[in-house]
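Each chain is listed here by its residues.
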Amino acid sequence: MSRIQLTYSTSAVLHALGDGPRYGFDIINATGLPSGTIYPMLRRLQRNGVVTSRWEDAADAHRRQRPQRKYYNLTTKGETALADALQRFPALASAALPAGVPDPR
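The following refers to the structure shown. (Residues numbered from 1 in each chain as written. Predicted model: local features only at pLDDT ≥ 70, side-chain atom pairs only at ≥ 80, totals over all residues. Heavy atoms only, no water.)

A look at the overall build of the protein chain
Okay, so step 1: A tally of regular secondary structure across the protein chain gives six helices and three strands.
Okay, so step 2: Along the protein chain, helices (α) and strands (β) appear in the sequence α-β-α-α-β-α-β-α-α when read from the amino end.
Okay, so step 3: Within the protein chain, buried positions represent 42% of all 105 residues.
Okay, so step 4: When contacts within the protein chain are restricted to residue pairs at least 6 apart in sequence, long-range pairs at least 24 apart make up 64% of them.
Okay, so step 5: Within the structure as shown, the protein chain displays about 6,200 Å² of accessible surface, and the carbon and sulfur contribution to it stands at 52%. (Helix = DSSP H or I, 4+ residues; strand = E, 2+ residues; numbered from the N terminus. Buried < 20%, exposed > 50% of the residue type's maximum accessible area, 1.4 Å probe, protein only. Contact = heavy atoms within 4.5 Å. Areas by Shrake-Rupley, 256 points an atom, 1.4 Å probe, with all protein chains shown as cover.)

Next comes the structure, spelled out in structure tokens:
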């Protein structure tokens, strides 16, 4: 595992995940970053052990009449990275992000 670069964009994604699991479009809405930035970043963060992901139950998505969602969550390493990010970019701490969508568990 390599050390992650704490850019403002990466820090914004970590901040969005700080309140719990979110799916891709929810992270896009929370950060204002485009999907072409978010999804590669999430894959990189996952490779580096900063986030984990899991697919929601297909039957739950079907019951809600929508595609299945992949939820991302911070690991312990991700929580440490978020704390570092908030120190580096203190304005993020006061940034109001839209509330995350409840985890469908």
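Some remarks on the sheet that holds strand 3 (residues 70-74)
Okay, so step 1: The antiparallel open sheet is built from three strands, whose spatial order is 1-3-2. The strands lining the two open edges of the sheet, one partner per strand, are strand 1 (22-23) and strand 2 (51-55).
Okay, so step 2: Here helix 1 (residues 8-17) sits on the sheet in contact with strand 1, strand 2 and strand 3, set at roughly 100° to strand 3.
Okay, so step 3: In the packing of helix 3 (residues 35-47) onto the sheet, the strands contacted are strand 2 and strand 3, and the crossing angle to strand 2 comes to about 110°. (Pairing = 2+ DSSP bridges. Axes fitted to C-alpha atoms, helices over the stretch in contact; angles between N-to-C directions.)

Section: the packing of helix 1 against helix 5 (residues 76-88)
Okay, so step 1: It is the contact of helix 1 with helix 5, at a shortest axis distance of 9 Å, that shows an interaxial angle of 120°. Taken together, helix 1 and helix 5 sit at an angle that is classed as oblique. As for the relative orientation of helix 1 and helix 5, their crossing is left-handed in sense. For the pair helix 1 and helix 5, contact is made by Ser11, Leu14 and His15 and by Gly78, Ala81, Leu82, Ala85 and Leu86, respectively.
Okay, so step 2: Partitioning the contact of helix 1 with helix 5 into residue classes produces five nonpolar, three polar and no charged. (Parallel < 35°, antiparallel > 145°, perpendicular 65-115°, else oblique. Left-handed = near helix turned anticlockwise from the far one by under 90°. Nonpolar A, V, L, I, M, F, W, Y, C, P; charged D, E, K, R; others polar.)

Overview of the packing of aromatic side chains
Okay, so step 1: This model, assessed by the stated rule, comprises two aromatic pairs.
Okay, so step 2: Relative to Phe89, the ring of Tyr8 has its centre 5.2 Å away and its plane inclined at 90°; by these criteria the two rings are edge-to-face. In this pair, Tyr8 sits in helix 1 while Phe89 sits in the loop between helix 5 and helix 6 (90-94), placing the two residues 81 residues apart along the sequence.
Okay, so step 3: Using a relative accessible area of 44% as the deciding quantity, one classes Tyr8 as partly exposed.
Okay, so step 4: For Phe89, a relative accessible area of 18% corresponds to the buried category. (Phe/Tyr/Trp six-rings, centres within 6.5 Å; stacked < 30°, edge-to-face > 60°.)

Quick look at the environment of Ala12
Okay, so step 1: In this fold, Ala12 is placed in helix 1.
Okay, so step 2: Separated by 21 residues in sequence, Ala12 and Leu33 place their C-alpha atoms 9.0 Å apart.
Okay, so step 3: With residues near it in sequence (within four places) discarded, Ala12 still touches Thr31 and Leu92.

Focus: the pairing of strand 3
Okay, so step 1: Pairing between strand 1 and strand 3: two bridges, direction antiparallel. Considered in strand 3, the bridge of Tyr23 is made with Tyr71.
Okay, so step 2: With five bridges connecting them, strand 2 and strand 3 associate as antiparallel partners. Along strand 3, the bridge assignment pairs Arg54 with Tyr71.

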